[in-house]
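Each chain, letter by letter, is given below.
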Amino acid sequence: MIISPPFVRPRNAGESDPSWVSRMMPVDINKDFPLNRHASWHGGVHVLHTDRTEEGYDRTEFVRAIADGVVVSCRAPSSTDRRDTFPLNYNGRTDDGYVLLKHETDIGESCSVVYYSLYMHLRERLAPAIRDGARIWRKDRIGQSGTVDNVNAFHFEVFCDSENMLKLTGRTTPELDITRDGRTDTLYGDIHFYLPPGTHFYESVSDAASPDTDRLNTVHTTTEPLFVSMTFGKGDCTMLTRRQNATTAAWFDTVGEPLVNADASPADNSITETYLKYEYNLYRTARRLYPQNPSVGFELLRFGRVISTEHETLTPADAPLWRTISFPGGTGMVNLASPDIKKFSDADFPHWTGWRMVDDDTDNNSQCNSPLIAGLQDSGHFSDLSSRLVCHFPLEWNAATFDQRYAWLRTGSDDVPAMSEEDYKRLKSHASALCFDTGEHGTGRLWHFHPQTFITHFRKCCWLSKSELKQLIPRNALRTAGQNDYRWEAINNYRDGAGSVPDNIRTHMNRAMQKYLITTPLRIACFLGNGIQETGWLGSMEEGYRYTETDPRTRQVIRRYNIWYYPWYGRGLLQLTSPVNYFEYFSFRGRACPESIKNTLNDEYTRLYAHRLLRYTDNHLSDTENHVPENIIRWRNNVSSDLHEAASSAGFYWVARDMAPYADAEHLLERCSVTPRRSGIKIYYRSPAFWRASATVNLPSQIDNGRYQGLNGFDTRCCVYGSAIAVLTEQKFPDDHNNPVNEKPESDQLRRG
Amino acid sequence: MKKLLLLMVIPFFSSGEITPEITTPDNFSELSFDQLTLHRGNYLADAIDCKIISLKLFHPSEHNKYPPSASWLCLFAVDVISNGYGPGQALPEKVYLDKKTGLWRKKKYILNKEGTQRTLEVYGIKSLSELKPLELYNIRSINARGYAVINRNIPLEEKKKGVKKKLSFCLIQNQGYAAFCGFGSIINLVDGKEVDFTPYMLKSLETVEMGLPEKPMK
């Protein structure tokens, strides 16, 4: 799922993602979610807009699609004359242009979802591409923010049906079931732990690899439930404890200060950039604490539990996860791996972070009669929690259900005086003028989200759907055939139909990205910018290992032979190459290999690497010469033949070679212009951050050498990178004057349609 | 074994050498150092298994903590020799190994029109004459030899982050296939004051010992 706010202005330096999303959507407090100022249901928010360019707004700023989707229906805005007169002008001038989009995407394994976004009160004219049934891409222009009740704003609404509510949030009950672990089909964002009463906190733990508590000094035993959230980001790990408020059950207070990198160990590394950065060192911590199977230990550190149980077994089964946690009055060590402690993620919409599903107003009118909301209002916490309420009530845009929704106004309520028939008719005329054919959604109730919170929340879910993945494959690849000899080659062989490699590997790839924290757009751009190129557009998980030698004069093939490091050639999504790397991966997966065989092969590889002339004439890397056991051969071959292994080995490469710190740096895009043979000028994009992330795996000697040209296929990798930046981020591309103004990469590279 | 015993009794500094010689600051002390032991996992990148590497990181005696600034790499010696220093740095100079003498040397070359333009853009300068020459040192450590290059030409983007002077080095293990390399900014802010760590780092490189036996990570 890839999603963004309806305005995409540049970020401020150092601005966090939630802050940026919030800044893109300033909300009219009189037209907030889920209630308007008359305490009636309001299905969305009014996003304010101004033409003041000094505040960062373009003079004519377009509202944009928040995600890829299809236009369900739309209405071109009426003229300004009609806007200014009744029935559109009821409480003030009101534009009536609208666009309703349907979005289909994936948020997890076998977890396809459908949701809708509605943009109402658009002015002047809709974007030319907007027509019923049209396919729209994220960030595409929809129309212009108009006027509602004389205020420069548009109504923005996000909703779904009950079937998709269950898929999106996992429940329709107000609170999360904390008697069992959370969902694993989708899992993203923060990891949460429920610590039941009776949980012991220990002063210190001398052996972090042992679950034994016999000799530990207990400093605290809980008498109330505690909830701990674990956040990974930019190399850090933050632990935050919450407990239920003593007077308001729906409110959770934080306990102590957030603990940042409290469990980072100097034993894990001494690299300046990543020293004592808990997240950046997870791989090394996993190797240190879980030497029998670091890969499954990595899952424990990352998720608090083992997720890929069909591929991994925790050894020993009671291996602990000791973390420093705040309790009321202090901090102590808790074994979070204990089965008594339940584990969740943001995908479970935990109620201790404010999420509550509101389904207790069943009368189908527009008046909010929810006891849950009434309780929040009474406690004084409604405004704190309103943006995280997901509410079930009717859509307000069906003229046929107007009386069902608003008849109560004729008699009034405790807060609203009875409305005269004349006033009621005027209101109905106004509302009907804004209504549209709501089709299947016109009757019954729908689940409504606060749009800003929905977008902020799901920006943490980086699971790529089939359509999203496809867009990362550029339409053309730049290939360097020789010095200053470039070729611009159309990529016509991408096939992602059922049974294809791209279709089959997608789930494994998403799972690997989830596990190895390749969970920001820029990290994904670096990971797949390399992986998609190395596998020939996800076509093959194996390096082509037949080599040919040609006569430089006649160009005739004079000899064919295998690559010199055969059979330890590249396999997997980020191609694992050489016995050194294979054995490191096997060890990470907890697969024991005889030291003698490992050392012999590593030494032979090193010898051949150093002596180019001996590589084919005195090569002793073969399986038969080294008596390589059948299980090692099978593990090696599985790295390409088993797509779980292909993705898992790439994730291993990502963490073992520290790609994340480079991917997290600022990506300063450089516009590169080349003139390939028989083509006009073509443009591709690179950045020092992408260079470094790529070089750390492929050409470590040149990490600090951004102008180096020798990395195999780097220009081609950059083509994927450019598409990934366009599809996954909101970053703009520099033009030929180096101004970041282009929304899409030049040279028609996006694969859409 | 006799040879080994002999090496063990030789005073520490006799095994290292910097060419050309450098003048150490007045406050330089052989006793002011942090012992650094690098194992697999401590490297920014490792193309080959360097096993354990140890070195003493010298620091000014008045500052009890050396500001860690270098990124360490463990690379194939053959790649280090093939790459040298310079290509890709957009400079009209490079450093290469003279295989006859075993010494690293500087060589000038002429940038073409495109290369010149790129250099001007990378460094944010108007003329190539604004570039400062590279400073090259040949280093001999306890069991490795190689180069250290001081580069005062800082790409614009790094300049904005306050980088003023960079050091890059590569030491190739004697009779081995591995090379220990590193790079980083060499002028650091210590207690609000700029300290040039160049002589301390060069002296530190003399103490590099490579290929020590592996120890468990725990």
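All values reported here derive from a predicted model rather than from experimental measurement.

**Student:** Help me get a handle on the overall build of chain B, residues and values and all.
**Tutor:** When its secondary structure is counted, chain B shows 5 helices and 14 strands. For chain B, the proportion of its 218 residues judged to be buried stands at 34%. Sequence-distant contacts, at least 24 apart, represent 65% of the contacts inside chain B between residues at least 6 apart.

**Student:** Just give me the short version of the overall build of chain A, but keep the residues and values in it.
**Tutor:** For chain A, the helix and strand inventory stands at 22 helices and 29 strands. Over its C-alpha atoms chain A spans a radius of gyration of 29 Å, differing by no more than 12% from the 27 Å that the globule rule assigns to 753 residues. Expressed as lengths along the three principal axes of its C-alpha atoms, the size of chain A is roughly 100 × 75 × 45 Å. Expressed as a percentage of its 753 residues, the buried residues of chain A come to 47%. Across chain A, the fraction of contacts at a sequence separation of at least 24, relative to all contacts at a separation of at least 6, is 66%.

**Student:** Outline the environment of Leu395 of chain A, listing residues and values.
**Tutor:** Residue and element names in this part refer to chain A. Along the chain, Leu395 falls in the loop between β20 (389-393) and α8 (402-406). Its 22 C-beta neighbours within 10 Å are what place Leu395 among the buried residues. Sequence separation between Leu395 and His311 is 84 residues, and the spatial gap between their C-alpha atoms is 45 Å. Those residues within four positions of Leu395 in sequence are excluded, and the remaining contacts are Gly43, Thr438, His441, Gly442 and Leu446.

**Student:** Let's hear about the sheet that holds strand β14 (residues 209-212) of chain B: which residues, and what values?
**Tutor:** All names here are of chain B. Strand order across the open sheet formed by 3 strands is β2-β4-β14, with antiparallel pairing between neighbours. Looking at which strands have only one partner, the edges of the open sheet turn out to be β2 (33-38) and β14. Between one strand and the next, the sheet's axes are offset by a mean angle of 20°, whatever the strand orientation.

**Student:** So what's going on with unusual backbone geometry? Residues and values would help.
**Tutor:** In this structure, Pro87 of chain A follows Phe86 of chain A across a cis peptide bond, with omega equal to 10°. Residues Thr19 of chain B and Pro20 of chain B are joined by a peptide bond in cis, for which omega reads 0°. The residue Pro20 of chain B is located in the loop between β1 (17-19) and β2 in this model. A positive phi is found at Phe349 of chain A, a non-glycine position, where the angle reads about 45°. Considering the arrangement of structural elements, one finds Phe349 of chain A in the loop between β18 (342-345) and β19 (356-358).

**Student:** Which residues make up the packing of helix α14 (residues 521-534) of chain A against helix α22 (residues 714-728) of chain A, and what values do they have?
**Tutor:** Residue and element names in this part refer to chain A. For the pair α14 and α22, interaxial distance at closest approach is 8 Å and the crossing angle is 145°. The way α14 lies across α22 gives a crossing that is right-handed. On α22, the residues touching Pro521, Ile524, Ala525, Leu528, Gly529, Asn530, Ile532 and Gln533 of α14 are Thr716, Arg717, Val720, Tyr721, Ala724, Ile725 and Leu728. Grouping the constituent residues of the contact of α14 with α22 by class yields 10 nonpolar, 4 polar and 1 charged.

**Student:** Tell me what's going on with the nonpolar core, and back it up with residues and numbers.
**Tutor:** Of all hydrophobic cores here, the largest spans 184 residues; its most connected members are Val99, Tyr119, Phe154, Val228, Ile524, Ala525 and Ala724 of chain A. The element best represented in this core is α22 of chain A, accounting for 10 residues. Those residues within four positions of Ile524 of chain A in sequence are excluded, and the remaining contacts are Cys462, Met513, Ile518, Ala724 and Leu728 of chain A. Counting 45 residues, the second-largest nonpolar core is a separate cluster that includes Leu38, Cys74, Ile150 and Tyr200 of chain B.

**Student:** I'd like a description of the pairing of strand β13 (residues 193-196) of chain B, backed by residues and values.
**Tutor:** Residues and elements named next belong to chain B. Where strand β12 (residues 187-190) lies against β13, 4 bridges are found, and the strand directions are antiparallel. Note that in β13 the partner of Ile187 across the bridge is Asp196. As consecutive antiparallel partners, β12 and β13 are separated by 2 residues, and within that stretch Asp191 has a phi angle of approximately 50°, a positive value.

**Student:** Hey, could you go over α14 of chain A for me, with residue numbers and the actual values?
**Tutor:** Residues and elements named next belong to chain A. Here α14 is 14 residues long and its end C-alpha atoms lie 19 Å apart, about the 20 Å a rise of 1.5 Å per residue gives. With respect to burial, α14 is a largely interior element, 14 of its 14 residues being buried. Trailing α14 by a residue or two, Gly536 shows a phi angle of about 55°, which is positive.

**Student:** Pulling in residues and values, what's your account of the pairing of strand β4 (residues 52-58) of chain B?
**Tutor:** All names here are of chain B. Taking burial as the measure, the 7 residues of β4 include 5 buried ones, the bulk of the element. Here 6 bridges tie β2 to β4, and the two strands are oriented antiparallel to one another. Across the sheet, the residue bridging to Phe33 is Phe58, located in β4. Here β4 pairs with β14 via 2 bridges, running antiparallel. For Ile52, the partnering residue across the bridge sits in β14 and is Leu212.

**Student:** Tell me about the sheet that holds strand β10 (residues 191-195) of chain A, and name the residues and values.
**Tutor:** All names here are of chain A. Across the sheet, 5 strands lie side by side as β15-β14-β13-β10-β18; this open sheet has antiparallel pairing. Single-partner strands in this sheet number two, and they are β15 (252-260) and β18. Strand after strand, the sheet turns through a mean of 20° between neighbouring axes, direction not considered. Of the strand pairs in this sheet, strand β14 (residues 236-244) and β15 are connected by 6 bridges, and their pairing is antiparallel. Bridge pairing in β15 links Arg242 to Thr254.

**Student:** Describe in detail the domain arrangement of chain A, supporting the description with residues and values.
**Tutor:** All names here are of chain A. For chain A, the assigned domains read domain 1 (17-171 + 355-458), domain 2 (191-276 + 306-351) and domain 3 (466-742). A straight line from the C-alpha centre of domain 1 to that of domain 2 covers 39 Å. Residue composition of the side of domain 1 that touches domain 2, grouped by class: 3 nonpolar, 5 polar and 1 charged.

**Student:** Go over helix α4 (residues 282-289) of chain A, please, and point to the residues and values.
**Tutor:** Residue and element names in this part refer to chain A. Among the 8 residues in α4, 8 count as buried, and that is most of the element. Within the span of α4, buried status applies to Leu282, Tyr283, Arg284, Thr285, Ala286, Arg287, Arg288 and Leu289. On its buried face, α4 sits against α5 (294-303) and α19 (643-656).

**Student:** Tell me about the packing of helix α15 (residues 578-588) of chain A against helix α16 (residues 595-610) of chain A, residues and numbers included.
**Tutor:** Residue and element names in this part refer to chain A. Closest axis-to-axis distance for the α15/α16 pair is 7 Å, and the angle between their directions is 145°. Along the contact surface, α15 presents Ser578, Pro579, Val580 and Phe583, while α16 presents Lys598, Leu601, Asn602 and Tyr605. Residues belonging to the contact of α15 with α16 are distributed by class as follows: 5 nonpolar, 2 polar and 1 charged.

**Student:** I'd like a rundown of the confidence of the model for chain B, residues and numbers included.
**Tutor:** Residues and elements named next belong to chain B. Scored by pLDDT, chain B comes out at a mean of 83, with 85% of its residues at no less than 70. Here helix α1 (residues 2-9) is the element of chain B with the lowest mean pLDDT, 40, and strand β8 (residues 135-140) is the one with the highest, 97. Scored below 50 in pLDDT, residues 1-14 makes 2 contacts in the model with residues more than four places away or belonging to other chains. Predicted complex metrics record ipTM = 0.83 and pTM = 0.92.

**Student:** Which residues make up the environment of Ala148 of chain B, and what are the values?
**Tutor:** Position of Ala148 of chain B relative to the elements: it lies in strand β9 (residues 144-151). Along the backbone, Ala148 of chain B and Pro199 of chain B are 51 residues apart, and their C-alpha atoms lie at a distance of 11 Å.

Definitions and limits used
- Residues numbered from 1 in each chain as written.
- Chains lettered and ligands numbered in written order.
- Predicted model: local features only at pLDDT ≥ 70, side-chain atom pairs only at ≥ 80, totals over all residues.
- Helix = DSSP H or I, 4+ residues; strand = E, 2+ residues; numbered from the N terminus.
- Buried ≥ 20, exposed ≤ 12 C-beta atoms within 10 Å, placed from the backbone.
- Contact = placed C-beta atoms within 7 Å.
- Rg over C-alpha atoms; globule rule 2.2 N^0.38 Å.
- Pairing = 2+ DSSP bridges.
- Axes fitted to C-alpha atoms, helices over the stretch in contact; angles between N-to-C directions.
- Left-handed = near helix turned anticlockwise from the far one by under 90°.
- Nonpolar A, V, L, I, M, F, W, Y, C, P; charged D, E, K, R; others polar.
- Core = buried A, V, L, I, M, F, W, Y, C linked by C-beta atoms within 7 Å.
- Expected span 1.5 Å × (residues − 1).
- Domains from an automatic or database assignment.
- pLDDT = per-residue confidence, 0-100.

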